[in-house]
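Here is what each chain is made of, one letter per residue.
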Amino acid sequence: MSYPASTPSLQSELGTADAQALKIKTMTIALRNASAAGPIGRQQVIEFVGTLSRAISAWNSTASRPGIGAYAQAQKGNGSLDVAAEFTAMVTEATSLRDWIGANFPKDVATGALLIYTVDASGTFTELTFTTAQLAQFRTRADALIATIG
């Protein structure tokens, strides 16, 4: 048998989950506020979807580790912290937001390709934007996700 150096420790797993949570909260607040202030580029929203997906994967990985609940309670100094419920809440809201974006992102009717840029006759690309009104539901879902991360 060999030493399992490639198996992340509980410390590493919890650190990754915490880093993802802080990153998602910061990004969600920034995108939510930008969408309330005016138009935002569609590419930024697509990049955010990728970040959400990576966070969901990290949180699911951490939540599945045996002993993570007790370890997190000890590290956070809170014996009543329901780690499984908190991870489930973050994953649920992040998935809801990601899936809402996917369902509401403008697509080409024939191919389903995402509509992000236009190109003019000279070959100049122009990024398309979302209006504040188009992202009203996004902000509601973003607020729900933000509320799950302390």
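Above this text sits the structure in question.
Residues numbered from 1 in each chain as written. Predicted model: local features only at pLDDT ≥ 70, side-chain atom pairs only at ≥ 80, totals over all residues. Heavy atoms only, no water.

Q: Please explain the pattern of salt bridges as it appears in this structure.
A: On inspection of all chains with the given rule, the structure shows four salt bridges. With a shortest N-O distance of 3.7 Å, R65 and E13 are connected by a salt bridge. In this pair, R65 sits in the loop between helix 2 (42-63) and helix 3 (68-76) while E13 sits in helix 1 (residues 10-37), placing the two residues 52 residues apart along the sequence. Owing to a relative accessible area of 21%, R65 belongs among the partly exposed residues under this scheme. Close ionic contact of R32 with D143 constitutes a salt bridge, the shortest N to O distance being 2.6 Å. Taken as a pair, R32 in helix 1 and D143 in helix 5 (residues 136-147) lie far apart in primary sequence, 111 residues in all. Judged by relative accessible area, which is 34%, D143 ranks as partly exposed. (Salt bridge = Lys/Arg side-chain N within 4 Å of Asp/Glu carboxyl O. Helix = DSSP H or I, 4+ residues; strand = E, 2+ residues; numbered from the N terminus. Buried < 20%, exposed > 50% of the residue type's maximum accessible area, 1.4 Å probe, protein only.)

Q: What is the right way to read a nonpolar patch on the surface from this model?
A: There is a patch of nonpolar side chains on the surface, built from Y117, V119 and F125 and spanning about 340 Å² of accessible area. Positionally, F125 belongs in strand 3 (residues 125-127). When its relative accessible area of 59% is taken as the criterion, F125 is described as exposed. (Patch = residues over 30% accessible without salt bridge, like charges linked within 9 Å, V, L, I, M, F, W, Y side chains within 5 Å. Areas by Shrake-Rupley, 256 points an atom, 1.4 Å probe, with all protein chains shown as cover.)

Q: I keep staring at the packing of aromatic side chains and nothing clicks. Help me out?
A: Here the distance between the centres and the angle between the planes together describe a pair of aromatic rings. Applying the stated criterion across every chain, the model contains three aromatic pairs. Taking 6.3 Å as the distance between ring centres and 75° as the angle between the ring planes, the aromatic pair formed by F48 and F138 counts as edge-to-face. Taken together, the positions of F48 in helix 2 and F138 in helix 5 put the pair 90 residues apart, joining distant regions of the chain. Ring geometry for F105 against F130: centres 5.2 Å apart, planes inclined by 85°, an arrangement best described as edge-to-face. Of this pair, F105 sits in the loop between helix 4 (83-104) and strand 2 (117-119) while F130 sits in strand 4 (residues 129-130); the two residues are 25 residues apart in sequence, bridging distant segments of the chain. Pair check on accessibility: F105 and F130 agree, each one buried. Cation over ring: R42 sits above F130, and NZ or CZ is 5.1 Å from the ring centre. (Phe/Tyr/Trp six-rings, centres within 6.5 Å; stacked < 30°, edge-to-face > 60°. Lys NZ or Arg CZ within 6 Å of the ring centre and 35° of its normal.)

Q: In this structure, what is going on with helix 4? I would like to understand it.
A: Because an α-helix packs 3.6 residues into every turn, residues spaced three or four apart end up facing the same way. Taking 1.5 Å per residue as the helical rise, helix 4 with its 22 residues ought to reach 32 Å, and the 32 Å between its terminal C-alpha atoms agrees with that figure. Of the positions making up helix 4, those classed as buried are V83, F87, M90, V91, A94, L97, W100 and I101. Summarising the contacts, the buried residues of helix 4 are in contact with helix 1, helix 2, helix 3 and helix 5. (Expected span 1.5 Å × (residues − 1). Contact = heavy atoms within 4.5 Å.)

Q: What am I meant to see in the environment of E13 here?
A: Owing to a relative accessible area of 9%, E13 belongs among the buried residues under this scheme. Along the primary structure E13 and S61 are separated by 48 residues, whereas in three dimensions their C-alpha atoms are 8.0 Å apart. Setting aside chain neighbours within four positions, we find E13 in contact with P8, S61, T62 and R65. Separated by 3.0 Å, the side chains of E13 and T62 make a polar contact. (Polar contact = N/O pair within 3.5 Å; in protein donor to acceptor, adjacent residues only side chain to side chain.)

Geometric values such as these leave the question of function open.
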